[in-house]
Amino acid sequence: MIHPLSDCQNKNIPESTSVWQFCVVLPGAHIGENVNICSHCFIENDVCIGNNVTIKCGVQVWDGIELEDNVMIGSNVTFTNDKYPRSKNKKWKLLRTKVCKGATIGAGATILPGLTIGECAIVGAGAVVTKDVPAREIWAGNPARFIGTIQ
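One structure accompanies this document, and this report is about it. (Residues numbered from 1 in each chain as written. Predicted model: local features only at pLDDT ≥ 70, side-chain atom pairs only at ≥ 80, totals over all residues. Heavy atoms only, no water.)

1. Some details on the nonpolar core
Thinking step 1. Judged by nonpolar contacts, the single largest core of 37 residues is most densely connected at Ile55, Leu67, Phe79, Ile105 and Ile117.
Thinking step 2. If sequence neighbours within four positions are ignored, isoleucine 117 has contacts with Lys98, Val99, Cys100, Ala103, Ile105, Ile111, Val123, Val129 and Val133. (Core = buried A, V, L, I, M, F, W, Y, C linked by side-chain atoms within 4.5 Å. Buried < 20%, exposed > 50% of the residue type's maximum accessible area, 1.4 Å probe, protein only. Contact = heavy atoms within 4.5 Å.)

Next comes the structure, spelled out in structure tokens:
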């Protein structure tokens, strides 16, 4: 289902995937089955979104971001892909970020570029992630730090 008030330029969205109103999905993005992209999201070209992913409202998924299967992205999560952003910088370097299978990122978290969020990890709401988060760990705070494990 693609809402008529979205700007979905991608012609390869599976029928099982929902794109809600006021979203922009660029043509180069790869989007899997049974994905839910809630309102006011932006999906750039060099993006890979796996199956059964939920992206809540107000999230921008920039070039170089990969969300594996069964990932949950909370509202207003901020991804970045440039460690040293500058206006009109032609020499910028894309840093790839991977959110592994089954991971959850809480609302309002910020994920710095070039990191990996491990399988089934949880990033708490509002966290600022500056380091890789290992599989099955819970990280929270600013800067995010280890606070527990998933059994």
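2. Digging into the sheet that holds strand β14 (residues 104-105)
Thinking step 1. Taken together, 8 strands build an open sheet; the order of strands is β2-β5-β8-β11-β14-β17-β19-β20 and the sheet is mixed. In the strand order of this sheet, the two ends are held by β2 (18-19) and β20 (145-149), each with one partner.
Thinking step 2. In this structure, strand β11 (residues 72-73) lies alongside β14, joined through 2 bridges in parallel fashion. Directly across from isoleucine 73, in β14, lies its bridge partner isoleucine 105. (Pairing = 2+ DSSP bridges. Helix = DSSP H or I, 4+ residues; strand = E, 2+ residues; numbered from the N terminus.)

3. Description of the environment of histidine 40
Thinking step 1. Summarising the element assignment, histidine 40 is placed in the loop between β5 (36-37) and β6 (42-43).
Thinking step 2. Not counting chain neighbours up to four residues away, the residues in contact with histidine 40 comprise Gln21, Phe22, Cys23, Gly58 and Val59.
Thinking step 3. A polar contact of 3.2 Å, which involves the side chain of histidine 40, links it to the side chain of serine 39. (Polar contact = N/O pair within 3.5 Å; in protein donor to acceptor, adjacent residues only side chain to side chain.)

4. Examining unusual backbone geometry
Most peptide bonds take the trans form, and the phi angle of most residues other than glycine is negative.
Thinking step 1. With an omega dihedral of -5°, the bond running from asparagine 142 to proline 143 counts as a cis peptide bond.
Thinking step 2. Along the chain, the position of proline 143 falls in the loop between β19 (137-140) and β20.
Thinking step 3. One non-glycine residue, lysine 88, lies in the positive phi region at around 55°.

5. Remarks on the pairing of β19
Thinking step 1. In the sheet, strand β17 (residues 122-123) pairs with β19 via 2 bridges, with the strands oriented parallel. Counterpart to isoleucine 122 in the pairing with β19 is isoleucine 138.
Thinking step 2. As paired strands, β19 and β20 are joined by 4 bridges and run antiparallel to one another. Its bridge partner lying in β20, isoleucine 138 is registered against glycine 148.
Thinking step 3. In sequence, β19 turns back onto β20 through a hairpin of 4 residues, with glycine 141 there showing a positive phi of about 100°.

6. Brief notes about the state of the cysteines
Thinking step 1. Scanning the model with the defined rule gives 0 disulfides in all.
Thinking step 2. For cysteine 23, which is in no disulfide, the shortest distance to another cysteine sulfur is to cysteine 41 and amounts to 4.8 Å.
Thinking step 3. The thiol sulfur of cysteine 48 is not disulfide-bonded, and the nearest other cysteine sulfur, from cysteine 100, lies at 12 Å.
Thinking step 4. Taking relative accessible area as the criterion, cysteine 48 reaches 29% and is therefore assigned partly exposed. (Disulfide = S-S within 2.5 Å.)

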